[in-house]
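For reference, the chains in residue letters:
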Amino acid sequence: MKTIDTKSYLDTLCELTAKGETVSTIVSGSSMTPFLSGNRDYVFLKKPEKKLKTGDIVLFTRENGDYILHRIKKTKSNNCYLIGDRQTALEGPVSHKRIHCVVTAVKRKGKLISKKSPLWFFFSKIWIRLVFLRPAIFKVTQLFCKK
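Student: If you had to explain helix 2 (residues 118-126) to someone new, which residues and values would you point to?
Tutor: Given 3.6 residues per helical turn, the α-helix brings residues three or four places apart onto the same face. Within helix 2, burial applies to W120, F123 and S124. Projected onto a plane normal to the axis of helix 2, the buried residues spread over an arc of 90° and lie on a single side. Looking at the packing, one finds that the buried side of helix 2 touches strand 3 (57-61), strand 4 (67-76), strand 7 (99-108) and strand 8 (111-114).

Here's what the structure looks like:
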């Protein structure tokens, strides 16, 4: 078994998408919960071919070089403001030059979810507009989902 670091792996995936390939990778972290869960779900990535818009999930690099998967909250000129589905604070501005890939589909709980699905619609059109309500929603769900 050969082990490589995450940055090298994602650098390679971004090189492949820049050449027109579609690639997939497992999600890590919890910033995209509840839509995506780390170490369970997969994303399918490709080079953005259209203008990026609110609700799109993108893979970008922070100024420190870390790769992050978040959703676009808003765009302004050549910049985007991004947020994870589990977060309440926007990140940005992020230059379009630092956005490498857009998510075209996901494999969630073993099931392929396309951009045409009702679940995708909910998170890209409705959930993205509920940022101010997320803390209350998370508290209520914690009350009812205690194990």
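From this point, the discussion proceeds with the structure in view.
Student: Outline the environment of I113, supporting the account with residue identities and numerical values.
Tutor: When you line up the elements, I113 lands in strand 8. The exposure class assigned to I113 is buried, which follows from its relative accessible area of 8%. Sequence separation between I113 and V43 is 70 residues; the distance between their C-alpha atoms is 9.6 Å. Excluding residues within four positions of it along the chain, I113 makes contact with A105, V106, R108, L119 and W120.

Parameters and conventions
- Residues numbered from 1 in each chain as written.
- Predicted model: local features only at pLDDT ≥ 70, side-chain atom pairs only at ≥ 80, totals over all residues.
- Heavy atoms only, no water.
- Buried < 20%, exposed > 50% of the residue type's maximum accessible area, 1.4 Å probe, protein only.
- Helix = DSSP H or I, 4+ residues; strand = E, 2+ residues; numbered from the N terminus.
- Arc of directions from axis to C-beta.
- Contact = heavy atoms within 4.5 Å.

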